[in-house]
Amino acid sequence: MSNIAFLLNGRRVTVSNFEPRLTLAEYLRSPAVGLMGTKPACNQGMCGACTVLLTSLKDGKAKYTPVNACRFPLVSCDGMAVQTIEAGNTKTSRQLNCIQEKFVKHNATQCGFCLPGFVMGVTALVKETQGHPTVDDIEEAMSGHLCRCTGYRTVTDALREFVTEASTREHALLGGATNSITYYKNLQGTSIATTAIPEFHGVAVTDAGMTLGAAVTVQELLEACRAYAKAHADQMSPAHALLEVLPRYRGKEARSVSTLAGELAIGTEVANYLTGLGATAAVERVTRGANGHPQVEVRAQVGLPQLVGLLQDRAAVTVITSVHLPFPAPRAAPEFYACYKLSRKVENMHHLLLAVFRVRLTPGADGLLVVDQCTLGFAKYVGWRSELIRDAALEATLVGRPWNDTTAREVAAGMPQRLQPLLAATPSTDMDMGWGMDTGWDTGLGWGCTHLHGWGMDTGWEDTAAHLDAYCATAGAGLFLRFYAAVARHMNKLSGPLADVRQPTRRSLMRDTQDWEHIPESDLTGTRHTNILMQSHATGFSRFTLDIELPANGLYGALVCSTHPHARLDGIDATEALKIEGVVAMVTARDIPGINKHTGIVMDTTVFADGEVECVGHPIALVMATSQPLAELAASKVVVHYTDLPAILSIDQAIAANSYLSGLESHKLVLGDVDATFAGRSDLVVTEGHFYTGGQEHWYLEGQNCLVVPRDEHYEVFSSTQNPSKVQTDVAGVLGIPRRRVTCTINHTGGGFGGKQDRPCILATAAAVGALKTGRPVRLALPRRLDFQMMGGRHPFRCDYKFGCTRDGKMVALKVRVVTDGGHCHDTTGPVLDKCVFQLPNAYTIPHIEIEGRGAKLNHPTNTAFRGFGAPQHCAMMEQIVEEMAGKLGMAPHQFRELNLNKPGDEILFRELNLNKPGDEILVGSYVSHGKGEAQLQAIWDQLMQTSEFPRRLAEVEAFNRQHQYVKRGISLIPLKNGVCFEEDFMNQGMALVHVLADGSVQVSHGGVEMGQGLNTKMAQIAAQTLGVPLDTVSVLPTCTDTCANTQPTAASSGTDLNGGAVREACAQIVRNLAPLRAEFPKATFAEICNKAYFGRVTLSAASHFKLPTLGWHWDTKTGFSAFYYDFGASVSEVEVDTLTGEFTILRSDLLEDAGRSLNPTLDLTQVEGGFMQGVGWLTMEEINWSLRSGAMLTVPFTYALPGLADTPLELHTALLKGHPCPENVAGSKSSGEAPVLLGTSVLMAIRHAIQSARADRGLKAQFTMDTPLTIEKIKLAIEGQAPSDLGDH
Ligand SMILES: Cc1cc2nc3c(=O)[nH]c(=O)nc-3n(C[C@H](O)[C@H](O)[C@H](O)COP(=O)(O)OP(=O)(O)OC[C@H]3O[C@@H](n4cnc5c(N)ncnc54)[C@H](O)[C@@H]3O)c2cc1C
Ligand code: FES
Ligand code: FES
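The model shown is predicted, which means the values in this text are computed figures rather than measured ones.

Participant: I'm lost on the overall build of the protein in this one. Help?
Facilitator: Across its full length, the protein carries 36 helices and 41 strands. Against the 2.2 N^0.38 benchmark of 33 Å for 1290 residues, the protein shows a C-alpha radius of gyration of 31 Å, consistent with a compact globule. Projected onto its principal axes, the C-alpha coordinates of the protein cover approximately 95 × 80 × 70 Å. When burial is assessed residue by residue, the protein has 65% of its 1290 residues classed as buried.

Participant: Just to check I follow, could you spell out the sheet that holds strand β21 (residues 612-613) for this structure?
Facilitator: Whenever strands of a sheet pair, they do so through backbone hydrogen bonds, lying parallel or antiparallel. Spatially, the three strands line up as an open sheet ordered β21-β19-β23, and their pairing is antiparallel. Each end of this open sheet is capped by a strand with a single partner; those strands are β21 and β23 (639-644). With six bridges joining them, strand β19 (residues 567-573) and β23 adopt antiparallel strand pairing. Bridge pairing links I572 to V640 in β23.

Participant: For this particular structure, what's the right way to read the side chain of R1248?
Facilitator: In this structure, R1248 sits in helix α35 (residues 1241-1257). The buried charged residue R1248 lacks any salt bridge, with E883 as its nearest oppositely charged partner at 4.2 Å. Aside from chain neighbours lying at most four places away, what touches R1248 is Q880, E883, E884, Q1263, F1264 and M1266.

Participant: Which parts of the structure should I look at to understand the packing of aromatic side chains?
Facilitator: When we look at a pair of aromatic rings, we describe it by the centre distance and by the angle of the planes. As enumerated under the stated definition, the model contains 17 aromatic pairs in all. Measuring from ring centre to ring centre gives 5.9 Å for F6 and Y27, while their planes differ by 75°; the resulting arrangement is edge-to-face. Of this pair, F6 sits in strand β1 (residues 3-8) while Y27 sits in helix α1 (residues 24-29), and the two are 21 residues apart along the sequence. Y27 gets classed as buried once you look at its relative accessible area, which sits at 11%. In textbook terms, an aromatic cluster arises when at least three aromatic residues are bridged by ring pairs, as seen for Y340, F357, F378, W403, F480, F483 and Y484. In this structure, K802 packs its charged tip against the face of F678, placed 4.6 Å from the ring centre.

Participant: Is there a simple way to think about helix α22 (residues 724-735) in this case?
Facilitator: Since the α-helix packs 3.6 residues into each turn, any two residues three or four apart lie on the same face. Along its 12 residues, α22 runs 16 Å from first to last C-alpha, staying within 8% of the 16 Å computed at 1.5 Å per residue. For α22, the tally of buried residues reaches 10 of 12 residues, placing the bulk of the element in the interior. Turning to α22, the residues buried within the fold contact β27 (714-719), β28 (742-746), α23 (760-774) and β37 (1039-1040). Looking one or two residues beyond α22, the residue adopting positive phi is G736, at roughly 70°.

Participant: Would you explain unusual backbone geometry in this entry?
Facilitator: It is generally the case that most residues other than glycine have a negative phi and that most peptide bonds are trans. Across the junction of T1268 and P1269, the peptide omega takes the value 5°, indicating a cis bond. For P1269, the position within the fold is in the loop between α35 and α36 (1272-1279). A positive phi angle is found at N17, which is not glycine, with a value near 45°. Its location among the elements puts N17 in the loop between β2 (11-16) and α1. At E949, a position not held by glycine, the phi torsion is positive, near 55°. Here E949 shows up in the loop between α28 (933-947) and α29 (950-963).

Participant: Please clarify how the side chain of T721 should be interpreted in this entry.
Facilitator: Looking at where T721 falls in the secondary structure, it is placed in the loop between β27 and α22. Engagement of the side chain of T721 in a polar contact is seen with the backbone nitrogen of N723, the distance being 2.8 Å. Those residues in contact with T721, other than ones at most four positions away along the chain, are V727, C744, I746, T749, K756, P760 and V1009.

Participant: What am I meant to see in helix α8 (residues 238-245) here?
Facilitator: Of all the eight residues making up α8, six are buried; the element is thus mostly covered by neighbouring parts of the structure. Of the positions making up α8, those classed as buried are P238, A239, H240, A241, L242 and V245. Considering only its buried residues, α8 is in contact with β9 (209-213), α7 (218-231), α11 (269-276), β12 (317-326) and β13 (335-342). A side-chain oxygen of the first residue of α8 lies 3.1 Å from the backbone nitrogen of A239; this N-cap is S237.

Participant: I keep staring at the packing of helix α2 (residues 98-105) against helix α3 (residues 115-128) and nothing clicks. Help me out?
Facilitator: Think of two packed helices as two axes; the pair is described by the angle between the axes and how far apart they sit. It is at 10 Å that the axes of α2 and α3 come closest, and there the two elements cross at 135°. The angle between α2 and α3 falls in the class oblique. Seen from above, α2 lies across α3 with right-handed handedness. In this structure, α2 uses I99, Q100 and F103 to contact α3, whose residues at the interface are L115, F118, V119, V122, T123 and V126. Split into classes, the residues belonging to the contact of α2 with α3 amount to seven nonpolar, two polar and no charged.

Participant: Hey, could you run me through the nonpolar core in this one?
Facilitator: Soluble, globular proteins show a tendency: their nonpolar side chains are buried together. One finds F103, L559, F608 and W699 to be the most contacted residues of the largest nonpolar core, which totals 94 residues. Non-local contacts of F103, meaning those with residues more than four positions away in its chain, are made with A108, L115, F118, V119, V122, A158, L159, F162 and M534. The next biggest cluster of nonpolar side chains, apart from the first, holds 91 residues, and it includes Y484, A871, L1151 and L1270.

Cut-off values and rules
Residues numbered from 1 in each chain as written. Chains lettered and ligands numbered in written order. Predicted model: local features only at pLDDT ≥ 70, side-chain atom pairs only at ≥ 80, totals over all residues. Heavy atoms only, no water. Helix = DSSP H or I, 4+ residues; strand = E, 2+ residues; numbered from the N terminus. Rg over C-alpha atoms; globule rule 2.2 N^0.38 Å. Buried < 20%, exposed > 50% of the residue type's maximum accessible area, 1.4 Å probe, protein only. Pairing = 2+ DSSP bridges. Lys, Arg positive; Asp, Glu negative; His and termini not counted. Salt bridge = Lys/Arg side-chain N within 4 Å of Asp/Glu carboxyl O. Contact = heavy atoms within 4.5 Å. Phe/Tyr/Trp six-rings, centres within 6.5 Å; stacked < 30°, edge-to-face > 60°. Lys NZ or Arg CZ within 6 Å of the ring centre and 35° of its normal. Expected span 1.5 Å × (residues − 1). Polar contact = N/O pair within 3.5 Å; in protein donor to acceptor, adjacent residues only side chain to side chain. Axes fitted to C-alpha atoms, helices over the stretch in contact; angles between N-to-C directions. Parallel < 35°, antiparallel > 145°, perpendicular 65-115°, else oblique. Left-handed = near helix turned anticlockwise from the far one by under 90°. Nonpolar A, V, L, I, M, F, W, Y, C, P; charged D, E, K, R; others polar. Core = buried A, V, L, I, M, F, W, Y, C linked by side-chain atoms within 4.5 Å.

This is the structure we're talking about:
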C-alpha cells in the first residue's frame, strides 16, 4: 500500500511512501507531524504512555479502540480516525477538556510522562461506554497503564470521577502486529494485514461453541465470553474460564489489537488457554503456484497442537482463517472448565504458571459423581511461547474417582512430585522464537537492542529459575484445589476446610482518605496547590527532553556496548556498519580529545571502553546515522573482538575473591563494645544469620536521553538529568574545553528517582564526542532494555548479622556486616553505603553496636543513586532482624519494637573512642532533631496505633488465622527514621535567580530539577509568599547552568530545602529593594510598585546562594553529623496471603509521615503514596536476575513486575503529622521525597506474619530466611518449608 488516508485529530491526512513497519507513535512524533504528547516510554506495549484513540466504523457504528501507538503500525490507520492527547488544542491555545480537567483537579500525576496515556485510555472508555463506565470497566481499561511516581491514589481519585455505576521471511502475515512490528522492523518484503480482511473478523456464538475470525482481537474474544457468561450464569463453560484470565492478559490497549491468529502463531498464554479448552483452528496451506500466484493447497480444521507443526513447516505458508472454541454438548454429565494464571503482579504481566482444568462428571455408585474425563493442563513461563503440558498418568489419578474432598486432597498431595520433573523438562522453546529471527529468549529486546546481539540469546535462565519449577509444582497443586473448590461451590457441595479456598475476584477501586494540617489559605507556603505543570502535562504540551525537536541535519546515535563482562578489547571493526547508506560516523575512545572519564564522585570509569571492558553494557562506541533504526542497525553490524578475562558476577564471588571498591574500607561505626557483650552476657538471647536484599530498576517513564547541539565553539546540551552541572562538567572534561563553553538545560524530567543523578553523563559525553566529530547535533536516547542493562539501579546487599537481647525484650547488642554490589566502578556506592551504615539501627536504641559496610567490586554495571539511597535497605534489613528476634523471644513484634523505640534522652548516637584523642566523643546523628526527634517518633507511633486501630485489627487477624487454613492474614506496624541532606558539606548549597518584571510578574530560576516531585510548584509558592504576589503570577524557568551555576544534584531529598532557601532569600532581597517605594506608595499594587522601581532604576532582580550549617562529617576522624534533620514516620499494613499459591493482596495500609509544616500537602501526600508503592514493589515483586555465565542482566522490561493499579492497597489512609514544624528549615517544612519508600517495609513484614501462621499450621519453624523481593514464589516456598534456608533452632 503506497497511500493511506485517515483523520488525525479531526483533520484528513494522506501519507504516502512510508516504511511499512513505521509505528503510529513514530509517525506522530516525526518532525513533520510534531505531536509529541504521545509518549514513548517503553516502546514495547507495556506501559500505556503512548495510548491514542482509534475510531473505525463497524456495522455502521463507530467502534472506539485504545491502542499503544508504539506497537501500532501506521499502515493499519487507513480509513480510521486517530485522536491524540492534543486534540482540540494548539500549541498556543489550550483548553482542558472535561476528562483532562478531572485529572488536573486531582493533581493526578507527578512527572506527568504517563498522563497523556491515562487521559487517552479514559477518553476511549468514555466513548465506548457512552459516558457510563463502571468500576470494572475502569479497572480493565487501566490494566495496561503504568505510573512510577504516584502510587496510583491520585490517579484513582481522578478515575473515580468517571464511574457512573450502579523474520527473514519474504512475506509476513500481520495480525495486530504487536509482535511483528518489533521483530520485522528491519526486514524488507510484503506485509498482508489480516486485520483488513473483513472475513477474518466474524464472531458466531451457538450452543456448540464460538467461531471467531482469525483477526478477532483478544479483547473481542473477552467481550464475547462476557456476553455468553452473562446469558449462561449457571455454567462453568470455556467462556467462563477465559473470563478469569483474559482481563489479566496484557493491557486493554494491547488486547484490543492483538489477534487470535497472532496469539496462536506465537504460542502465547492465550494460545495455551485455547489449547487446554480444546479449541481448533481453520487453516489454509498456501504455496506459490507455477505462475507465481499464491495457491491454496489444503483447507482444514486442525487441533492447536497440530497447528504448531504446520506453522513451523516452511514448505508452505499456513494461514489461520478462524478459531473454533467448542462448548460441551448439553448432556446428563455435567462438565466444568476453569483457567487460572499465577503472576507476580495482578495485571499486565506474563504468567509464572497457568493452568487449564476440565472435569466431566458422571453419576457413579452410591449417587456420587465420578470423574469421567478430565484435563489437567499446566504451562510454566519459559518465554512468550510456552507449551501446555498434560500428563496422562496424572490425569489417570483422577479419572474414575468420586469428586469429593478426599479425592481432591489426595490428588493435590501427589501432584507436586509428579509435576516438578514434567515442568523441569519443559523445553525453553521461546529462546529462539523460531521465525528465523535472532530475537533473544526474552522477547523483550525491541528493535533498539539488536547491537546487543549475542547476549540476548544467553538464556542463563537455569541459573535463576531453579526455584521456579518447585514453585510451579506446588502452586499447580494449589490451583487444582482451587478448581475443585470452585466446582464444588458451583454444585452447592462445598463445606469443611476447603470452603476457605479463595477464588479470584475482581477488585474494586481503592478506597482512600488523606489527612493533613489545615493552614490558612493566605499562607501560600502551607496550603494545597496542584502542580503548576499539570495543565500542560494533561494536554500533552509539556516538553520533556525527549520531545525537543532534533535540529535540521541532526543525527541519531546508537551505542555499541560490551557483550562480555570482563575482557580485553582486541579490536573494533565498523567496516560493514559504515557502508550502510545514511550512517555517518562512529566514535570510540580514540576520538576523545579530553579525559576519557566520567560518572560519580570518584571518576573511575570510561566514556568509551579503552583496552578493556568491565561489564556487559560497557559502552565501546557510538554510531551516528540519519535515523534511529539505521543507527541501531549499524551498531549491530559493528564487530568487536574480545579476549575474556576472569569475571566476578555475584556478591558472594566478590567476597570470596576479596574484590572490593577501593577507599571504602573505613566504613565502620562502633558504639559500646559488641564482642565483649556477646562474650560476657550469657543471659542474652542471640540470633544470627544472613540474607540478601535485591536491586531495583528506576523505571522512570522518560528513559535516559540527551541532545547535544554544537554551536560555533559552544556545546548546548539538553539532558534528562537531575544534575545539569555534572553533565556540564563531564562534557567539558571529555571534550577538553573549559566549562564556560558548555551549557546544560533541563525543562523537567519524566521521573528520575536517582537514576538521573550521575548516569546521564554517560549519554551526554558520548553524544558530545559524536557532535565534535561530525559537527552536527546528536540525539542519544536509550532503548528501554539497554537502559535496564547498563544504567544500574538500587544497590543489592548481603547482610550478615548477630543480634542479642534480654529475655524481656531489651535490645543489647547488634553486629552487622553489609556488603553491596557496587558494580565495576564507584559511582555513588560510597555514600549509599554510608547511609545504610549510619542508619542501620533504624529507630531503635541499642547500647552496643558494630556496623561495617563494604562495597563489592563486580563485573556488573555500577549501581547508583536510587530514592532512599541505602535507607530502604537499612530499614528492610533491620526490621527483618527485629522480626526474627521477636519470634525467638515470643514477643509480638510491635511490642518489641515499641519497647526499644528511641526515646528522648536515649543514648542513640554512635560513639567510638577516638584512639588518637582519648576521651573524645564521636557522634553520628542529625544536626537539627538531635534531642527532640525521639519525642516526635513516639507521637507518630501512638497516633498511628490509634488511627489504624492496630490492637483491634491484630486481634482480628489472629482470630482469622486460627479459623482459616488456605488463606492467612498478617499485619505489621513499622517505624520510620531517615536522615536528610548530603553528607558532604560542599553539596549542601542551593542557588536561585529571581527576576521581577516591570509588570509585576515573576520569573524564578533555581538550581534544582523538576522531576515530578513538585519542586517548581514549591519554588513558586515560596517566591509568591515572600514577594506577596498571587501564585499564578510566578513562572519557574527551565533549569540551566547559565542561570544557576555550580549547582548540586537534585537528590538526597534536599531539592526544596536548598533551593527553596535560595529562592526565599533572593525574593527577600527584592522585597528589601522595594521597601522604600512600598513605604512611599502604600496603596499601590505590586505591579505599580515594580513599574516605579524600573523607572526609578531600582533593581528588580536578585541572585542568591544558600547553604546549610556545616555538618562536618569525616570518615577518617568519624566526627560530625550525618544528616541535617530526620524525617520520621510509621506505617501499618494488613495483607491476605493465599497459602495455595503465594499470591497476596494488600487489604489496607495506613501511612503517617512527618513533613514538618508541609509546604504543600497535595504534593507531599502524593510523594508519600508514590514512595510507599515504590518500596512495596521493590520488596515484593521487582526482581532483577543476573546471569552467572554471561554477566548480563536477565531481567528485561517485559519480565520486570512494576506495580500497577491493581497491586495497590484496597484501602489507603495517608496522613501528614500535624503540629511539628521544623523551624530550622525553609518555611518550617521537611522533605517528603525519599523516606516514604521505607514505609513499604510494613507490607513485607505483614506478609511475613501471614507466612508464619501458615508455617505454624504445617508444624514448621516460625522463622525463615526472607531474601527480598519476597515474590509470590518465595512466599509459597516459605510456606511449604522450601525456602532456601529455614533458620536454625527456633
Ligand atoms: C509488551 C508485550 C507483552 C506481551 N505479553 C505477553 C504475555 O504476557 N504473555 C504472552 O503469552 N504473550 C505476550 N506477548 C505476546 C503477544 O501476545 C503477541 O505479540 C501478540 O499476541 C501477537 O498478536 P498480533 O495479532 O499482534 O500478531 P502479529 O504480531 O501480527 O503476528 C504474530 C505472528 O503471527 C503470524 N500471523 C498473524 N496472523 C496470521 C494468520 N492469520 N495466519 C497465520 N499466521 C499469522 C504473523 O506472521 C507473526 O508470525 C506480549 C507482547 C508484547 C509486545
Ligand atoms: S506502551 Fe507504548 S510506550 Fe509504553
Ligand atoms: S507521574 Fe506517572 S510516571 Fe511520573
